[in-house]
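As a plain string of letters, each chain reads:
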Amino acid sequence: MKLETRKIPESEPEMVEIRYHWITDEIQEIISFVKSRQGQLSAVRDGQRFEVPVVDLFYAESVEDRLFLYTAADSYEIRMKLYELEEMLRNQSFLRVSKSMIVNLMKITSVRPALNGRFLAVLKNGEEIIISRKYVPSLKNILKGGES
Amino acid sequence: MPGQKWKEQLIRALRLYTLLVTLITVVIMILGRLLDRDRVLSYEAFLSPLLYALIGTAATVITRSDRELSIRSLIIRKAISLLLIEGAIILIALKADTIPTEKSWVLPGLALGILAVFVLSHLILYLIDRKEAEKLNADLARYQEKQIAQSEDKDEI
């Protein structure tokens, strides 16, 4: 695929144009990335494509090599790896809390202890997710204003 | 930050070890006063809590896993770790000349004592975690307020 970038005067709006023959996985990935930078993620539910606002996202979970996004009441599948999404949302209050999950810190109501040094995060929709012991230091650090 | 994660694990292990030494010393004192009041011990007796606590701390390796353990498998591993601790300490007691295992109350008393220390240590660690959770909740509230304020500032610009 040919890549072309062009410097433009500040009076013109910045834009990304994608020219394609067919929407392949590769093209879809690029579209998803650009949309995520604009605060939206392109995901699928019941065979239909939706633009999910990042701010509405509660958490994302990887299940058997498939990645699912969860909002207050719905779930969507997104064609992406968890680590890619984690990297993409790094500066948007998302944090890895277990091997298979990243969570939106803005959607956590409270945290309480679980067994063996783990914690349970109670989300604003009442769901509970496990914060693995391994990721508790990152959580403490980011809440104190550091980086994960 | 792998360094910080190791530091946290080391702190947890040391915290557990110190807690176990304290609880084991208290349990030995209570059981001794109740059941074997006239016994005179040598300075070597001070080693027992340190050794038993080391066994108790080492047994937590069983509940450590790179995989995310479900609550069920964690409880099973905890039960196995308790059985191993009971087995190891009773074995030491049977081999040691200083512990009067020939008396009928000694082995059941020892087994009950180990169970009491196991339950108490978990209860105390849970209370410590609860305190930590309270702190996390306070930090989380501050973090969320700060993020909301920052996004409002951006909107104004």
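For clarity, every value in this text was computed on a predicted model and none was experimentally measured.

Novice: How would you explain the overall build of chain A if you had to name every residue and give the values?
Specialist: For chain A, the helix and strand inventory stands at three helices and ten strands. Dimensions of chain A, computed from the C-alpha atoms along their principal axes, are close to 55 × 35 × 25 Å. Out of the 148 residues belonging to chain A, those deemed buried represent 30%. At a minimum sequence separation of 6, the contacts of chain A that also span at least 24 residues come to 34%.

Novice: Account for the nonpolar core, with residues named and values stated.
Specialist: Residues A:A60, A:L69, A:V97, A:I102, A:V103, A:I131 and A:L139 are the most contacted members of the largest nonpolar core, which totals 34 residues. Excluding its chain neighbours within four sequence positions, the residues that come into contact with A:I131 are A:V97, A:V111, A:R118, A:F119, A:A121, A:V136 and A:L139.

Novice: I'd like a rundown of helix α3 (residues 136–143) of chain A, residues and numbers included.
Specialist: Residue and element names in this part refer to chain A. For α3, every residue scored as buried is listed here: V136, L139 and L143. Viewed end-on, α3 has its buried residues packed into an arc of 60°, placing them on one side of the element. Where α3 ends, the next residue or the one after it, G145, has phi of about 100°, a positive value.

Novice: Please give an account of the interface of chain A and chain B that cites residues and values.
Specialist: Listed by partner, the interface residues are 23 residues for chain A and 20 residues for chain B. Elements represented by at least two residues in the side of chain A that touches chain B include exactly β8 (108–113) and α3 of chain A. The residue inventory of the side of chain A that touches chain B, partitioned by class, reads twelve nonpolar, six polar and five charged.

Novice: Outline the confidence of the model for chain B, listing residues and values.
Specialist: Residues and elements named next belong to chain B. Per-residue confidence for chain B gives a mean pLDDT of 84, with 90% of residues at or over 70. The lowest-confidence element of chain B is helix α1 (residues 2–35), averaging 84 in pLDDT; the highest-confidence one is helix α2 (residues 47–58), averaging 89. At the level of chain-chain contacts, confidence expressed as ipTM amounts to 0.77, with global pTM at 0.72.

Novice: With reference to specific residues and values, describe the confidence of the model for chain A.
Specialist: Averaged over all residues, the pLDDT of chain A equals 89, while 98% of them reach at least 70. Averaged over each element, pLDDT in chain A is lowest for helix α1 (residues 25–37) of chain A (79) and highest for strand β7 (residues 101–104) of chain A (96).

Novice: I'd love a proper account of the pairing of strand β6 (residues 94–98) of chain A, names of residues and values included.
Specialist: Residues in a regular strand point their side chains to alternate faces of the sheet. Residue and element names in this part refer to chain A. The element β6 is extensively covered by neighbouring structure, given that four of its five residues are classed as buried. Of the strand pairs in this sheet, β6 and β7 are connected by four bridges, and their pairing is antiparallel. Bridging from a neighbouring strand, F94 pairs with N104 of β7.

What counts, and where the lines are drawn
- Residues numbered from 1 in each chain as written.
- Chains lettered and ligands numbered in written order.
- Predicted model: local features only at pLDDT ≥ 70, side-chain atom pairs only at ≥ 80, totals over all residues.
- Helix = DSSP H or I, 4+ residues; strand = E, 2+ residues; numbered from the N terminus.
- Buried ≥ 20, exposed ≤ 12 C-beta atoms within 10 Å, placed from the backbone.
- Contact = placed C-beta atoms within 7 Å.
- Core = buried A, V, L, I, M, F, W, Y, C linked by C-beta atoms within 7 Å.
- Arc of directions from axis to C-beta.
- Nonpolar A, V, L, I, M, F, W, Y, C, P; charged D, E, K, R; others polar.
- pLDDT = per-residue confidence, 0-100.
- Pairing = 2+ DSSP bridges.

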